[in-house]
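Summary of structural features
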Amino acid sequence: MAPVALDADVLIAFLDPGDAQHQRAVSELRPRLAAGEQLIIGASVYAEVMVRPLQQGTDAKVDEFLDATATRVLAVDRPLARRAAHLRARHRSLRLGDALSLATAVEHDAQLITLDQRLRRVAAREQASQQDSPGKQPPSS
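Residues numbered from 1 in each chain as written. Predicted model: local features only at pLDDT ≥ 70, side-chain atom pairs only at ≥ 80, totals over all residues. Heavy atoms only, no water.

Regarding its fold elements, the protein presents seven helices and four strands. When the helices and strands of the protein are listed from N to C terminus, the series reads β-α-α-β-α-α-β-α-α-β-α. Rg of the C-alpha trace for the protein: 15 Å, near the compact-globule value of 14 Å for 141 residues, within the 12% margin. By principal-axis analysis of the C-alpha atoms, the protein measures approximately 40 × 30 × 25 Å. The buried share among the 141 residues of the protein stands at 40%. (Helix = DSSP H or I, 4+ residues; strand = E, 2+ residues; numbered from the N terminus. Rg over C-alpha atoms; globule rule 2.2 N^0.38 Å. Buried < 20%, exposed > 50% of the residue type's maximum accessible area, 1.4 Å probe, protein only.)

As structure tokens, then:
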């Protein structure tokens with residue numbers, strides 16, 4: 001079973017019952033948790049998710065959730081950063097955080113789960129592009 005990459009918005013909304021998108025996030029994530037799917041997040045997603053909990057002193061709850069679900073936090077290395085840059089070059093409206101989330105999914109052959117409709121569309125185009133030309137890599141230096 002392929003891993004599932006989470007964008008920050010899904011994780012933030014899932015962990016915060018007061019978030020306006022909490023129910024959407026629960027609907028997206030709960031079935032994957034119940035199925036025991038492998039969850040992954042990039043280190044950039046982890047950093048983004050931790051900001052408010054650190055301000056509020058609830059950061060341990062985030063780490064407890066990640067540990068309980070065996071979510072892997074993946075480093076941003078040179079190939080992943082290059083993939084993110086390639087994605088931003090192809091999709092000019094893509095913000096760096098979103099590009100890193102999508103690059104994490106692409107590099108690890110994972111489905112990206114996000115609440116951001118624009119990012120979903122870009123991810124779908126990238127997935128279709130990967131299927132049309134398997135093994136195709138972004139240009140190297």
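Next, the rest of the story.
Turning our eyes to something else, we now look at empty space enclosed by the protein. Following the criterion strictly, the structure yields one cavity of 30 Å³ or more and no others. By volume, the largest cavity is sized at about 30 Å³. Around the largest cavity sit Ala-5, Leu-6, Ile-40, Ile-41, Gly-42, Val-45, Ser-101, Thr-104 and Leu-112, which together line it. The set of elements that each furnish at least two residues to the lining of the largest cavity consists of strand E1 (4-6), strand E2 (39-42) and helix H6 (96-107). With three residues, the single largest contributor to the lining of the largest cavity is E2. In the lining of the largest cavity, the residues fall into six nonpolar, three polar and no charged. (1 Å grid on protein atoms, 1.4 Å probe; cavity = no way out; pocket = protein on both sides within 12 Å on 5 of 7 lines; lining within 4 Å. Points joined across faces, edges and corners; volume = space filled by probe spheres on them. Nonpolar A, V, L, I, M, F, W, Y, C, P; charged D, E, K, R; others polar.)

Below, the discussion takes up the packing of helix H1 (residues 8-15) against helix H2 (residues 22-34). Running from amino to carboxyl end, H1 crosses H2 at an angle of 100 degrees, the nearest separation of the two axes being 8 Å. Taken together, the axis directions place H1 and H2 in an arrangement best described as roughly perpendicular. Counting all contacts with H1, which are made through Val-10, Ala-13 and Phe-14, the residues of H2 involved are His-22, Ala-25, Val-26, Leu-29, Arg-30 and Leu-33. Its residues placed into classes, the contact of H1 with H2 shows seven nonpolar, one polar and one charged. (Axes fitted to C-alpha atoms, helices over the stretch in contact; angles between N-to-C directions. Parallel < 35°, antiparallel > 145°, perpendicular 65-115°, else oblique. Contact = heavy atoms within 4.5 Å.)

Attention shifts here to the confidence of the model for the protein. The predicted model of the protein averages 92 in pLDDT, with 92% of residues at 70 or higher. Within the protein, the element-level pLDDT minimum falls on helix H7 (residues 117-132), averaging 85, and the maximum on E2, averaging 98. (pLDDT = per-residue confidence, 0-100.)

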